[in-house]
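Results of the structural survey
Listed below are the residues making up each chain.
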Amino acid sequence: EVSVSAFEWLLDSKKENIDISIRYGRGNWTDVHCELLLEERVFPICSRAVYKKLGENPDPSILFDHSLVHDDYSQEDWEMWFEAAGITLKEPIVGTRFSHTVMMLESIENGKGFALGRTPLVIDDISRKIIYAPFKISIPSEYAYYFVCPRGKENSLKVIEFKKWIMKEANKTIKLAEKLLDNH
């Protein structure tokens, strides 16, 4: 039996009777067994309507003509991305801030400018052409997704089977991202 629960905070796997979890962070949890599942890249995304107005191979400086939205939870920000793009900022970037990534992505899907997308969270929408990544510039995320289980349970049959399946699914995401975002 599989029960799926989503929390934005860490649970004590022993106290909560959790066999397996996917954690988002730096992977430096000492109380559990963890293995890297998915790294992520961060890059500008926009809606189809905004993308169609950009033309072919747009210059990243056009972003200053658009609303730039922010995800309060993210470690990476627009300043970091512009630095990677070789663009010096003359003033701080302001824009709508979202406390939750889902709200930010919905705003972008509805044509409200640009946001910084994270590979695992946006790659399916990019493949379905709901959102677009118009630039070939990305920055690595400080965080990643990790397969986690209580120490001592990593060799149990159900943990091994689930890990095999989830690693295969993560690999599909990685390959799709490589195909769609080449050179990000």
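Here's what I pulled together on the structure shown here.

1. Considering the overall build of the protein
Each helix and strand counted, the protein has five helices and seven strands in total. In sequence order, the secondary structure elements of the protein are arranged as β-β-α-β-α-β-α-β-α-β-β-α. Residues classed as buried in the protein amount to 39% of the 184 residues present. Considering only contacts within the protein whose residues lie at least 6 apart along the sequence, 80% involve residues at least 24 apart. For the protein, the exposed area adds up to about 11400 Å²; of that, 50% sits on carbon and sulfur atoms.

2. Structural notes on the packing of helix α4 (residues 119-127) against helix α5 (residues 157-180)
Packing of α4 against α5 leaves a shortest axis separation of 10 Å and a crossing angle of 60°. In terms of orientation, α4 lies oblique with respect to α5. Judged by the twist between their axes, the crossing of α4 over α5 is left-handed. Here T119, P120, I123, D124, I126 and S127 of α4 come into contact with α5, specifically with T173, L176, A177 and L180. Broken down by class, the residue content of the contact of α4 with α5 amounts to six nonpolar, three polar and one charged.

3. Some thoughts on the nonpolar core
Residues C46, L63, L68, W78, W81, F82 and F114 are the most contacted members of the largest nonpolar core, which totals 17 residues. Ranked by residues supplied to this core, first place goes to helix α2 (residues 78-84) with three residues.

Conventions we followed
Residues numbered from 1 in each chain as written. Predicted model: local features only at pLDDT ≥ 70, side-chain atom pairs only at ≥ 80, totals over all residues. Heavy atoms only, no water. Helix = DSSP H or I, 4+ residues; strand = E, 2+ residues; numbered from the N terminus. Buried < 20%, exposed > 50% of the residue type's maximum accessible area, 1.4 Å probe, protein only. Contact = heavy atoms within 4.5 Å. Areas by Shrake-Rupley, 256 points an atom, 1.4 Å probe, with all protein chains shown as cover. Axes fitted to C-alpha atoms, helices over the stretch in contact; angles between N-to-C directions. Parallel < 35°, antiparallel > 145°, perpendicular 65-115°, else oblique. Left-handed = near helix turned anticlockwise from the far one by under 90°. Nonpolar A, V, L, I, M, F, W, Y, C, P; charged D, E, K, R; others polar. Core = buried A, V, L, I, M, F, W, Y, C linked by side-chain atoms within 4.5 Å.

Shape descriptors only; they carry no functional weight alone.
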